[in-house]
Amino acid sequence: MFEDIDNINQEVEKFQSNSLEEIEQFRISYLGKKGKITLLFGAFKEVPVDQKKEFGKQLNILKNNCQEKINSLKSKLSTNSNSSKSNTDYTIPGQPMNFGSRHPITLIRDRITNIFSQIGFSISEGPEIEDDWHNFTALNFPKEHPARDMQDTFFIQDEIALRTHTSSVQVRVMENNQPPIRTISPGRVYRNEAISARAHCFFHQIEGLYIDKDVSFADMKKTLLYFTKSMFGNEAKIRLRPSYFPFTEPSAEVDVSCTICNGKGCNVCKYSGWLEIMGCGMVDPNVLENCNIDPDVYSGYAFGMGVERIAQLIYQVNDLRLYSENDWRFLKQFSSETF
Ligand code: PHE
């Protein structure tokens, strides 16, 4: 009898399963009505009286062991199955991903540079802190020119200033390269102006330079028409008005037919049908000479535009300040722009 208890104890200890059905089967065959342990309780009356106490004690221990075994196997099973199921609720709506967006000035700058890259213009960059030679003197600005005045230019020290245009980069390119030169210079420029919806103390420019033998005004006009159509659409027209810049002769101001009303007249173009977008002209021979390029052999044209100005026309944003205030509500509106 005691041997039976020992044997069953060993069987119980050995038993392992991770199937609920098997565990239930085990329970029935040991603790069920006709289970081995239950039957041992039935055999209790056959145990000699002096051993009854000990037998009962051991039998109860066996019964408890068996029950504990069943409980522990079952609880292991339920924690296992919980972890494999995972606690994630796949029906909860996802957290929206906040994509950044490129700045409208970056978008427009890239569009412009891309248009010129397609016809062979390289991109050149230069320093934002410039000396007087590269920003003014080499570009044929007379000593008394008002742009050199403290009111227009941020001077850092004598003869050193924040560049007022990226024409300074073109001087550097001409000094270091012989024609043919075909390059555009995008970059930030600074002018000492009161900040308002229409003016800012810094903005962005893209200036272009083309120097080779026999470059004509007509070449420039055709290139600028190509640019305007690529930027504003095939129906866009341009017109050139005489103007003045110290570094070009002749010089012109370029207007594009109003992108809003197609030239019919509206309040954006002040009912003129035209919008001013850039300055341009044939590079003054003095400038070529200043940069060691022979004006008797080479000629060239230059042009320059404000990136904010083009962005205003493309995006219909009328307050210049929005471009540098980094207001998230403004910037996120450009997140779908793919250029
Ligand atoms: N540098 C001029 C400006 O800043 C633009 C320009 C460039 C005009 C080249 C003519 C030729 O306004």
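Residues numbered from 1 in each chain as written. Predicted model: local features only at pLDDT ≥ 70, side-chain atom pairs only at ≥ 80, totals over all residues. Heavy atoms only, no water.

Draft legend 1. Seen up close, the pairing of strand β10 (residues 299–306). In terms of residue burial, β10 counts as a mostly covered element, since seven of its eight residues are buried. Taken together, the eight bridges between strand β6 (residues 202–212) and β10 define a ladder with antiparallel strand orientation. Pairing of I206 across the sheet is with M305, part of β10. In this sheet, β10 lies alongside strand β9 (residues 274–283) in antiparallel orientation, the contact comprising five bridges. Residue pairing in the sheet places M278 in a bridge with M305 of β10. (Buried < 20%, exposed > 50% of the residue type's maximum accessible area, 1.4 Å probe, protein only. Helix = DSSP H or I, 4+ residues; strand = E, 2+ residues; numbered from the N terminus. Pairing = 2+ DSSP bridges.)

Draft legend 2. Highlighting helix α10 (residues 307–315). With respect to burial, α10 is a largely interior element, seven of its nine residues being buried. Considered for burial, the residues of α10 that qualify are V307, E308, I310, A311, Q312, L313 and Y315. The inward-facing, buried residues of α10 contact α5 (104–117), β6, α8 (217–232), β9, β10 and α11 (322–325). Trailing α10 by a residue or two, Q316 shows a phi angle of about 60 degrees, which is positive. (Contact = heavy atoms within 4.5 Å.)

Draft legend 3. Inspection of the site of the ligand at higher detail. By nearness alone, 13 residues border the ligand, and H165, S167, R191, Q205 and E207 come closest of all. Interatomic distance of 3.1 Å between a side-chain N/O atom of H165 and a nitrogen atom of the ligand. E207 is positioned such that a nitrogen or oxygen atom in its side chain is 2.8 Å from a nitrogen atom of the ligand. Summarising the interface, the protein chains cover 89% of the accessible area of the ligand, which totals 330 Å² for the free molecule. When residues of the shell around the ligand are traced back to their parent elements, those giving at least two are β6, β9 and β10. Top contributing element to the shell around the ligand by residue count: β10, with three residues. Here the residues of the shell around the ligand are counted per class, giving five nonpolar, six polar and two charged. (Near = heavy atom within 4 Å. Polar contact = N/O pair within 3.5 Å; in protein donor to acceptor, adjacent residues only side chain to side chain. Areas by Shrake-Rupley, 256 points an atom, 1.4 Å probe, with all protein chains shown as cover. Nonpolar A, V, L, I, M, F, W, Y, C, P; charged D, E, K, R; others polar.)

Draft legend 4. Region of interest: the nonpolar core. One finds I112, F303 and M305 to be the most contacted residues of the largest nonpolar core, which totals 44 residues. Listed by contribution, the elements that provide at least two residues to this core are α5, β6, α8, β8 (248–257), β9, β10, α10 and α12 (328–331). For this core, the leading source of residues is α5, giving six residues. In this structure M305 touches I112, F116, H204, Q205, I206, F227, I277, M278 and I310, once residues within four positions along its chain are discounted. One finds I181, L209, I293 and A302 within the second-largest nonpolar core, a separate group that totals 20 residues. (Core = buried A, V, L, I, M, F, W, Y, C linked by side-chain atoms within 4.5 Å.)

Draft legend 5. Quick look at the pattern of salt bridges. Tallied over the full model, the rule gives 11 salt bridges. Ionic pairing is found between E130 and R172, a salt bridge with its closest N-O pair at 2.7 Å. One end of the pair, E130, is in strand β2 (residues 129–131); the other, R172, is in helix α7 (residues 167–176), and 42 residues separate them in sequence. Judged by its relative accessible area of 2%, E130 is buried. (Salt bridge = Lys/Arg side-chain N within 4 Å of Asp/Glu carboxyl O.)

Draft legend 6. Broad picture of the sheet that holds strand β3 (residues 155–157). The antiparallel open sheet is built from three strands, whose spatial order is β2-β4-β3. Edge positions in the open sheet fall to β2 and β3, since each of these has one partner strand only. Direction aside, neighbouring strands of the sheet carry axes that sit 35 degrees apart on average. In this sheet, strand β4 (residues 160–162) lies alongside β2 in antiparallel orientation, the contact comprising three bridges. If you follow D131 over to β4, its bridge partner there is I160. (Axes fitted to C-alpha atoms, helices over the stretch in contact; angles between N-to-C directions.)

Draft legend 7. Molecular detail of the environment of K14. Looking at the secondary structure, you find K14 in helix α1 (residues 2–14). Judged by its relative accessible area of 66%, K14 falls in the exposed class. Residues K14 and I105, 91 residues apart in the sequence, show an inter-C-alpha distance of 75 Å.

Draft legend 8. Focus on the side chain of D255. The residue D255 is located in strand β8 in this model. Judged by relative accessible area, D255 falls into the buried class, the value being 2%. Here the side chain of D255 touches R241 through a polar contact of 2.8 Å, side chain to side chain. Ignoring anything within four residues of it in the chain, the contact list for D255 reads K237, I238, R239, R241, W274, L275, E276 and I277.

Draft legend 9. Expanded view of the sheet that holds strand β5 (residues 181–190). Pairing is mixed across the open sheet formed by seven strands, whose spatial order is β1-β5-β6-β10-β9-β8-β7. Pairing within the sheet leaves two strands with one partner each, and these edge strands are β1 (122–123) and β7 (238–245). Judged from the 10 bridges that link them, β5 and β6 form a sheet pairing that is antiparallel. Residue pairing for β6: I181 is matched across the bridge by I211. Packing against the sheet, α10 makes contact with β6, β9 and β10, and its axis sits at approximately 60 degrees to β10.

By themselves, these figures tell us nothing about what the structure is for.
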